[in-house]
Amino acid sequence: MNKLINSFLAIMLIGTSYNAFAHTGKNGVNSSKKNVIIIYADDLGYGQVGWNGQEKIITPQLDKFAANGIRFNNFYTSAPFCPPARNSLLTGLHTGESVWRITDWAFGREPTMAQMFKQYGYDTSVFGKYGMGIPKGHPSAHVTCSNMDNLGDLPDEWESLGDPIDAGFDHFVGFMDHRDAHVYYHDSPESPSEGTPERPYYGDAIRQDLFQIKDGRVQRFKTRPDDYLPDLIIHQALNHINRMADMGKPFFMYLPSQLPHAELVTPPNYEVLYTDGKGNGNYPEKAWKGNDIFRRHVDDPRATLARMITRLDVHVKWVVDVLKERGLYENTIIIFSSDNGHHTAGGVGSYDYFDSNAGLRGHKRSLHEGGIRVPTIAFGGGLKGRDVDTRLAQYQIKDTLEEMLSGRHQSKSFWNVFRGLSAQQLDYLYFQFLHEPTLYPTDGSVQAVIKGDWKLVRYGKDGPYTRLYNLKNDHFENKFYNRERCDIVLELKHVMNQYALKDGLELLKGNCD
């Protein structure tokens, strides 16, 4: 990476310090309870961070935190797609256990991580892409994760199913619906005739403004057309950390960033990053003219994606800066992860250029490693740097944190890792992806089960077949072992069949295929 980029990045990191948004108050919290912050990236690929080998995109802050924290080398999301992954993270239930289904969008029926923290006296907050709320009376299932539906004007108060209050959060600023989180500026003009490629007309499909919890209700949070929404939201989170420091109250904060999900756009002062300063980009580019979902014109989609990832890196630095300033860092455990593998939307195209999956097979919407193995670290809170190779999943985090709070062992917990000990892998890790391929192109994978180093992937809902991979010998999933280890195939098929019928899947036959 050339010197100009490194120099410019150093200036950006210093010049956009969180201190411009901080306020004064007493420093530190005298509490035996650990604060917890979960920073959840949106579509960040396993190979898109420096500590996993990325060389073309700069993530210096995350790399530093990874070097000094716990590096989870085989850590999995719960699903290769945004809504079910977020549901499983908050409920601690994998995609076969949860009531969340392709035709069942009633989030909030199951106990959440936020409700758990409230029981232990914690303040609970979410800032960012909450994305689990459904307007009452909306006819369609909340799984499309697109802004194509015409939803009409947004009300001043959100009457919904599964809002952040239902999920146990005390404070919130962000996106109620996944569709809105595709947009980074609420600058859509009033009519199609006023639209330009750089400032497209979205119509009623993109509803203006964010939402917040205020006076015990979910209400509008007004934005301005020139607000870069990820920055606005992270500043709200930093202000809340300062409030918690002033109050001396332990807190759980969930930061589901919309970065680096498409559409692709960054703040104006970031446009020189990943260029030579003379208008020449670092990467070969093909301009993106827009489509029905991601309409904003992008001249340099690859560089813009890289800038968005670097901006996420800066956001993590801001969080750490305010924690250190207020004397909270050593008492705050920070978990950083992603909801699924990398995307190829908004003009990014092939994932090969950045090696976004670090050579793994598949990407977002695939149950192969590139779709569900995600970059994950834990740092702060007195944690010591180490590598953890045990295969773990996000739906284990809730039990892990409950063991921290209660001191009692929980069935899915890997709290031993945070204590510097080894963690036992669960008997099985289960994953599924049941969304319609007509809406979301996939590789046909609909179920996957991991036992030890063995992984069985099921393809197809009807007339299905399976492939058995050995992740220790071949984590790229090129060779399958169905005939050599038919015993493992039959064992893992049995696990899949436990969840198949209730999800409309044909039962797998008792053979090696």
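Above this text you will find the structure in question.
**Focus: the packing of helix α2 (residues 60–68) against helix α6 (residues 301–325)**
Axis separation between α2 and α6 bottoms out at 7 Å; the angle between their running directions is 55 degrees. When the axis of α2 is compared with that of α6, the two are oblique. For the pair formed by α2 and α6, the contact residues are Pro60, Gln61, Leu62 and Phe65 on the first element and Asp313, Val316, Lys317 and Val320 on the second. Tallied by class, the residues present in the contact of α2 with α6 amount to five nonpolar, one polar and two charged.

**Focus: empty space enclosed by the protein**
In the structure shown here, the tally under the stated rule is two cavities of 30 Å³ or more. In this structure, the largest cavity occupies an estimated 140 Å³ of space. Lining the largest cavity are 16 residues, and of these Phe127, Pro230, Ile233, Ile234 and Ser257 lie nearest its centre. At the level of elements, β4 (123–129), α5 (229–247), β10 (251–256) and α6 are the ones that each hand at least two residues to the lining of the largest cavity. Here the lining of the largest cavity takes four residues from α6, the largest share from any one element.

**Some details on the sheet that holds strand β18 (residues 465–470)**
Taken in spatial order, the four strands make up an open sheet running β15-β16-β17-β18, and their pairing is antiparallel. Each of the sheet's edge strands pairs with one partner strand only, and the pair in question is β15 (429–432) and β18. Taken over all neighbouring pairs, the strand axes of this sheet differ in orientation by 15 degrees on average, direction set aside. Note that strand β17 (residues 454–459) and β18 share six bridges and pair antiparallel. When the sheet's bridge partners are listed, arginine 458 is paired in β18 with threonine 466.

**Side note on unusual backbone geometry**
Residues leucine 259 and proline 260 are joined by a peptide bond in cis, for which omega reads 0 degrees. Among the structural elements, proline 260 can be located in the loop between β10 and α6. Omega for the peptide link from alanine 262 to glutamate 263 comes to 20 degrees, which places this bond in the cis form. Here aspartate 43, not a glycine, exhibits a phi torsion of approximately 70 degrees, which is positive. Within the element layout of this structure, aspartate 43 appears in the loop between β1 (35–41) and α2. With a phi close to 55 degrees, alanine 358 is a non-glycine residue in the positive phi region.

What counts and what doesn't
Residues numbered from 1 in each chain as written. Predicted model: local features only at pLDDT ≥ 70, side-chain atom pairs only at ≥ 80, totals over all residues. Heavy atoms only, no water. Axes fitted to C-alpha atoms, helices over the stretch in contact; angles between N-to-C directions. Helix = DSSP H or I, 4+ residues; strand = E, 2+ residues; numbered from the N terminus. Parallel < 35°, antiparallel > 145°, perpendicular 65-115°, else oblique. Contact = heavy atoms within 4.5 Å. Nonpolar A, V, L, I, M, F, W, Y, C, P; charged D, E, K, R; others polar. 1 Å grid on protein atoms, 1.4 Å probe; cavity = no way out; pocket = protein on both sides within 12 Å on 5 of 7 lines; lining within 4 Å. Points joined across faces, edges and corners; volume = space filled by probe spheres on them. Pairing = 2+ DSSP bridges.

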